[in-house]
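Residue-level listing of the chains:
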Amino acid sequence: YGIMTEYILGLEGYSTTLKQAKEEHLSGSGAAGFLNLEDYALEGVSVIGDYQYRVILKGKYPQFLYWLAMPFFAPTAIEVDQFYSQPGMKEKNLTLDWYPVGTGPYMLTVNNPNRQMILEKNPNFHGEVYPSEGEAIDRQNGLLKDAGNALPQISKVIYSLEKEAIPIWNKFLQGYYDASGIGSDSYDQAVQIGSTGDIGLTETMQEKGIRLSTAVESSIFYTGFNMLDPVVGGFSEKNRLLRQAIGIAVDYEEYIAIFANGRGIPAQGPIPPGIFGHGEGDKATNPYIYDAGESDPKRKSIVFARDLLAKAGYPNGRSLSDGKPLTLNLDTTGTGPDDKARLDWIRKQFAKLDIQLIIRGTDYNRFQDKMNKGTAQIFQWGWNADYPDPENFLFLLYGKNGKVEYKGENAANYSNDKFDALFETMKNMENGPERQVIIDRMVEQLRFDSPWLFGFHPKKFSLFHSWYSNVKPNLMANNTLKYKRLDATKRQAMRQAWNKPIIWPIAGILLLLLLIILPAFIAYKRHETSREGILEP
């Protein structure tokens, strides 16, 4: 809402109007809980037909197209609002949140998140066909075979809650689930890494016809420095060199290998691959942390990092001014056994520079309070894109989004006038060479100032059975289910082949019981026979 008031004509005033109308409405004789929005005009929005509406923006904002794809921009019939506003509906959990009303390809017919949720084909769907065009590789991958087919192609979709990872994995291998992620426990069973570093499926997976899909997520996990902190923050050369030295020492390649099963790529800046502005060639490498190599960038040596630390005034991790060891604090919410290994690893990374890292663990509310007040020193956070535009990542370091002063998403409280001016120019530009040049300058400024250790972009691994078709990774879109197709006949045949009952253990158990019982039976008969002989006259 805060962002939209900047762009949608009349939205901010409309909010004031509705607040006043609601107060008058509730004090009058109207139906409690229902305020007919059609009675109040919104200057920048108008209905122009049964299936179209118009939104007027103030200024230029290309990213608005992405906002329109989000669920909260879906048009809702006034009858729906009126129906759910009836007295007593909310108390009985009859709300739009729980029983959604829409025009999509599926209906939510079972909504029990603690057990099962079921989607069924919407008989009143307005109609749509499978696309006949795509990227060049789509036809090669067989993704255009269904061109022209009516959507959706699957009539019923069942989502079941499994509380343990092992049953999910076993049921997937048996063919009872069509798709699966890869947990850490099953990673080695599913994935093998070749001598050249190529990732592929194990022979067992290949024999079952299982396919692997990988995609770099539009996300970033980073370690941030509080730029308001006197030791690690600010723009002095001393503090900047300290941040760069730490950036070299914290080996995210090792982190990805140990804690993410290799599922990630080290970040060279805030923008993930696949998002415009990521950069190519020399622009794709952070020169302050890496040396450009023939293939992948190579992290600078610890010797180089120690030299930077000495230039920052901390030779061998001790302050030149007083000789005391340099001690830094990492604020975190991680306190469980799984977090301990990760935090121990981070402490060892700082120890490479003889920096003593103190882990300050706390609950999430206390952590948030520290971040809002700017009392944290070093922290770890992440961001997942709302929409596929560089603005959605670069705004995380825009000065006017500072968490302490503006309560925004700039958790590092980074504020650089040069960067901010470039951001304001870039944010509403169309994608193109001119925008790329500005983004390159912004990313270069961030690399130089180093308010973040850029961390890594996670990589998503997904497995699919051979009967599940039209799978194409798209980590930003939520409407891809309608394109999927299932070969139910093949699935049933494979299930039967993979789950034939194994009878020999039962036969073995019966034979063992027989061997145990037979001697006892023979002994019993002998005993009875001997008794009969004694009793004869």
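The structure displayed is predicted, hence computed values, not measured ones. Counting restarts for each chain: residues are numbered from 1 in the order of the written sequence. Where totals are concerned, whole chains, interfaces and linings use all residues; where local detail is concerned, this predicted model gives features only for residues with pLDDT of at least 70, and gives and counts side-chain atom pairs only at 80 or more. Each side-chain value is worked out from all heavy atoms of the structure, with water and hydrogens disregarded.

### Side note on the sheet that holds strand β4 (residues 116–121)
Read from one edge of the open sheet, 3 strands run β3-β4-β5, paired in antiparallel fashion. Taken across any chain shown, the strands that pair with only one partner, and hence form the sheet edges, are β3 (106–112) and β5 (156–160). Across the sheet, the mean angle separating the axes of adjacent strands is 15° when strand polarity is ignored. Strand pairing follows a simple DSSP-based rule, namely that at least 2 bridges must link the two strands. By definition, any uninterrupted DSSP run of H or I lasting at least four residues is a helix, any uninterrupted run of E lasting at least two residues is a strand, and each is numbered from the N terminus. As paired elements, β3 and β4 share 6 bridges and run antiparallel to each other. Note that in β4 the partner of Asn 112 across the bridge is Gln 116. Every axis in this analysis is a line fitted to C-alpha atoms, fitted for helices over the stretch in contact. Angles between the N-to-C directions lie between 0 and 180 degrees.

### Here we look at the environment of Ser 184
You can see Ser 184 is positioned in the loop between β6 (179–181) and α7 (187–190). The buried label goes to any residue with under 20% of its type's maximum accessible area, the exposed label to any with over 50%, and the partly exposed label to all in between, with areas taken from a 1.4 Å probe on protein chains only. Owing to a relative accessible area of 53%, Ser 184 belongs among the exposed residues under this scheme. A sequence separation of 161 residues divides Ser 184 from Trp 345, and the C-alpha atoms of the two residues are 18 Å apart. The contacts of Ser 184, once residues within four sequence positions are left out, are Asn 261 and Arg 263. Here a residue-residue contact requires only that any non-hydrogen atoms of the pair lie within 4.5 Å.

### Observations regarding the pattern of salt bridges
Whenever a carboxyl oxygen of Asp or Glu lies within 4 Å of a side-chain nitrogen of Lys or Arg, that contact is scored as a salt bridge. For the structure on display, the rule yields 19 salt bridges. With a closest N to O distance of 2.6 Å, Lys 300 and Asp 291 form a salt bridge. One salt-bridge network, held together by shared partners, links Glu 135, Asp 138 and Lys 472.

### What to know about unusual backbone geometry
A negative phi holds for most residues other than glycine; trans holds for most peptide bonds. Residue Pro 152 is bonded to the preceding Leu 151 through a cis peptide linkage, with omega at 0°. Summarising the element assignment, Pro 152 is placed in the loop between α5 (136–140) and β5. A positive phi angle, near 55°, is found at Asn 316, a position not held by glycine. Within the fold, Asn 316 resides in the loop between α11 (302–311) and β14 (327–332). With phi around 60°, Lys 407 is a residue other than glycine that occupies positive phi space. By the element assignment, Lys 407 lies in the loop between α15 (403–406) and α16 (417–426). When its relative accessible area of 57% is taken as the criterion, Lys 407 is described as exposed.

### Brief notes about the side chain of Thr 332
The topology assignment puts Thr 332 in strand β14. The exposure class assigned to Thr 332 is buried, which follows from its relative accessible area of 8%. What Thr 332 contacts, discounting residues up to four positions off in sequence, is Arg 342, Leu 343, Ile 359, Arg 360, Gly 361, Thr 362 and Phe 367.

### Quick look at the pairing of strand β15 (residues 356–361)
Sheet topology note: the β14/β15 ladder contains 6 bridges and is parallel. Opposite Thr 332, over in β15, you have Gly 361 as the bridge partner. When the strands point away from the viewer and the path from the first strand over the helix to the second turns clockwise, the crossover is right-handed. Once you follow β14 into helix α12 (residues 337–351) and on to β15, the crossover reads as right-handed.

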